[in-house]
Amino acid sequence: MTLDFKHRSYFSEQLLAWYRRGNRDLPWRRSRDPYHIWVSEVMLQQTRVETVIPYYHRFLERFPTIEALADAPEDDVLKLWEGLGYYSRARNLQAAVREVKERYGSVVPDTPEDISTLKGVGPYTSGAILSIAYNKPVPAVDGNVMRVLSRFFLIEDDIMKPATRKVMEKLACELIPEGAAGDFNQALMEFGALVCTPRSPHCMTCPVMEHCAARLEGMEQELPVKKKAKPPRPERRLAALIEGTGEQEGKVLIRQRPQEGLLARMWELPHGLAGDSAGQEDEALAIGELHEAMRRDGLSITQVQPYMSAEHTFSHIHWDMQVYRCRLAAGGDLPDLLPYHYRWVGLAELEQYALPNVFVRIFRKYFKDMPAS
DNA sequence: AAATCGGGGGT
DNA sequence: ACCCCAGATTT
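For every chain, the first residue of the written sequence is number 1, and numbering continues from 1 along that sequence. The naming scheme follows written order: chains are lettered A onward, ligands numbered 1 onward. A pLDDT threshold of at least 70 governs which residues receive local features in this predicted model, and a stricter bar of 80 or more applies before side-chain atom pairs are shown or counted, although totals over entire chains, interfaces and linings include all residues. Based on all heavy atoms of the structure, the side-chain values leave hydrogens and waters out of the count.

## Comments concerning the protein's contact with DNA strand C
Okay, step 1: Near DNA strand C there are 27 residues, and of these Gln-46, Gly-120, Tyr-124, Asp-142 and Arg-147 occur at the shortest range.
Okay, step 2: Distances are taken per atom, and a residue is near a molecule or strand as soon as one of its heavy atoms is within 4 Å of it. Among the atoms of DNA strand C lying within 4 Å of the protein, the sugar-phosphate backbone contributes 68%.
Okay, step 3: Arg-147 is positioned such that a nitrogen or oxygen atom in its side chain is 2.4 Å from a phosphate oxygen of DNA strand C.
Okay, step 4: Where the surface near DNA strand C is concerned, the elements lending two or more residues are helix H8 (123-134) and helix H9 (143-152).
Okay, step 5: Throughout, the ten residues Ala, Val, Leu, Ile, Met, Phe, Trp, Tyr, Cys and Pro are labelled nonpolar, Asp, Glu, Lys and Arg are labelled charged, and all others, Gly among them, are labelled polar. Partitioned by chemical class, the residues of the surface near DNA strand C number ten nonpolar, seven polar and ten charged. Two N or O atoms form a polar contact when they lie within 3.5 Å of each other; inside protein one atom must be a possible hydrogen donor and the other a possible acceptor, and for residues adjacent in sequence the pair counts only when both atoms belong to side chains. Helix and strand assignments follow DSSP, with helices taken as H or I runs no shorter than four residues and strands as E runs no shorter than two, numbered in order from the N terminus.

What follows is the structure, given as structure tokens:
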């Protein structure tokens, strides 16, 4: 299965040389600060390089040091993470940074044992920080690396299995050239991102094509083997865009989600799950469902009018959301029952709240339609 | 082992 | 429409 020792050193040397011959000028490659490397690696989890770059700059401008992030309000951190997704990354990062400040004197640990205890630092991120920031000879196996190794060494194990990642880590560890862990690990990832791409890999310009086992077998398109993910389950959601009157004229009602779970601690329009099929085409029925959904959260609404629809796909859920403009019923106070907590906000105040993108889109249209406020 | 946890870009 | 992305954590 695994190629002999000669091919391994060939692979490592060629890839390292390819990387050192020229690589992308990425912002985090301009820093030697382990904290900066750390921030970049957390942002890069399941997220493309081009997406991360503006977030990386904004985040480090606001939190340039471990102390700055440790001492910041959680809401500020979440706001800077807005739109990046997987928001527990932000909370875990801040918790971990606080741990480093208190326990390690604001010095990022340089051993696998210590760094792996930090929240949000798993096998990949641990290896990435240790190798890139400290040049420690440990593997950093992400999706790129598994794809590259599965092809060059013709490994047909399902990369979705945790056991396969262990095999890859062992191999990747043995491939690290003496004293060049940081560059080599980045070379593997850079190579996966630019040459050995998921579909239609660029074999004609590949520096190791000559001895690529998958290529020699005509298997490069079939690797890596990866079991298909389940499609996201559909959910119909009914949202209330509640417009303030009197003292709250020009404002709308938003609420903060619970501490745990989906979109934890993000702000949103009040909304609820609708029944499967009923009300799909019947507007009156849908409005009835909205009233019921809002009543469950302690909100009594009136003057309901259809406004827009919006879709949002998570990894495991697909929201088909219908938004209705409405008012709070006379005498209707804001509910103070958990888990939500409500607030009236105008356009200017809204800028301070971290909102999932689907609601950002809704509000962008709403305040464009209603310039009067 | 399977589910949870975002969002966007490429094909 | 589907796939994947510099994954981690919980069940």
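## With respect to the environment of Asp-76
Okay, step 1: With respect to the helices, strands and loops of the structure, Asp-76 is situated in helix H5 (residues 74-81).
Okay, step 2: Accessible area is worked out with a 1.4 Å probe on protein chains only. A residue is then buried under 20% of its type maximum, exposed over 50%, and partly exposed in between. Asp-76 gets classed as partly exposed once you look at its relative accessible area, which sits at 30%.
Okay, step 3: With 235 residues separating them along the chain, Asp-76 and Glu-311 place their C-alpha atoms 27 Å apart.
Okay, step 4: Whether two residues are in contact is decided by their heavy atoms: any pair within 4.5 Å suffices. When near neighbours in sequence (up to four residues on either side) are disregarded, Asp-76 contacts Arg-62 and Phe-63.

## Structural notes on the pairing of strand S2 (residues 252-256)
Okay, step 1: Judged by how many residues are buried, S2 sits mostly within the fold: five of five residues are covered.
Okay, step 2: Where burial is concerned, the two faces of S2 agree: the one with Val-252, Ile-254 and Gln-256 and the one with Leu-253 and Arg-255 are both buried.
Okay, step 3: Here five bridges tie S2 to strand S7 (residues 341-345), and the two strands are oriented antiparallel to one another. Bridge pairing links Ile-254 to Arg-343 in S7.
Okay, step 4: Here, any two strands with at least 2 DSSP bridges between them count as paired. Both S2 and strand S3 (residues 267-268) contribute to a ladder of two bridges, which runs antiparallel. Residue pairing for S3: Arg-255 is matched across the bridge by Glu-268.

## Points about the side chain of Ser-12
Okay, step 1: Mapped onto the elements of the fold, Ser-12 is located in helix H1 (residues 5-21).
Okay, step 2: Not counting residues up to four positions away in its chain, the partners in contact with Ser-12 are Leu-175, Pro-177 and Phe-184.

## Looking at the protein's contact with DNA strand B
Okay, step 1: Within the structure, DNA strand B sits among 22 residues, and Tyr-87, Leu-263, His-312, Ser-315 and Asn-357 are positioned closest to it.
Okay, step 2: In DNA strand B, the atoms that sit within 4 Å of the protein are 57% sugar and phosphate, with bases accounting for the remainder.
Okay, step 3: Within the side chain of Tyr-87, a nitrogen or oxygen atom sits 2.5 Å from a phosphate oxygen of DNA strand B.
Okay, step 4: Between a phosphate oxygen of DNA strand B and a main-chain N or O atom of Leu-263, the distance comes to 2.5 Å.
Okay, step 5: The residue makeup of the surface near DNA strand B, split by class, is eight nonpolar, ten polar and four charged.

## A few points about the UniProt feature "domain: HhH-GPD" (unreviewed entry) in chain A
Okay, step 1: UniProt positions are given in the numbering used here, feature names are shortened, and annotations may be inferred rather than shown by experiment. UniProt annotation of "domain: HhH-GPD" (unreviewed entry) refers to residues 43-194 when read in the numbering used here.
Okay, step 2: A helix fraction of 64% and a strand fraction of 0% characterise residues 43-194, whose end C-alpha atoms lie 19 Å from each other.

## Some words on the sheet that holds S2
Okay, step 1: With antiparallel pairing, three strands are arranged side by side in an open sheet as S3-S2-S7. Of all strands in the sheet, those bounded by a partner on one side alone are S3 and S7.

## Side note on the sheet that holds strand S6 (residues 317-328)
Note on sheets: strands pair through backbone hydrogen bonds, and any given pair is parallel or antiparallel.
Okay, step 1: A sheet is described by the order of its strands in space; here four strands give the open sequence S4-S1-S6-S5, paired in mixed fashion. The open sheet is flanked by strand S4 (271-273) and strand S5 (301-313), the only strands paired with a single partner. Averaged over all adjacent pairs, the angle separating strand axes in this sheet is 25°, with direction ignored.
Okay, step 2: For helices, the fitted line uses only the C-alpha atoms of the stretch in contact; every axis is such a line through C-alpha atoms, and the angle between N-to-C directions lies from 0 to 180 degrees. Lying over the sheet, helix H13 (residues 283-296) contacts strand S1 (233-242), S4, S5 and S6, oriented at roughly 80° with respect to S1.

## Quick notes on the domain arrangement of chain A
Okay, step 1: Taken domain by domain, chain A consists of domain 1 (5-216) and domain 2 (233-369).
Okay, step 2: Contact residues are listed per partner, giving nine residues for domain 1 and 16 residues for domain 2.
Okay, step 3: By definition, the buried area sums, over both parts, the 1.4 Å-probe accessible area that each loses when the two are put together. At the boundary of domain 1 with domain 2, total buried surface from both sides reaches about 920 Å², with 46% on carbon and sulfur atoms.
Okay, step 4: Broken down residue by residue, the surface that domain 1 buries against domain 2 is led by Leu-78, Tyr-87 and Arg-91, which jointly contribute 50%.
Okay, step 5: Whenever Lys or Arg places a side-chain nitrogen within 4 Å of a carboxyl oxygen from Asp or Glu, that contact is recorded as a salt bridge. There are two salt bridges connecting domain 1 and domain 2. Either an automatic procedure or a domain database provided the assignment from which the domain bounds are taken.

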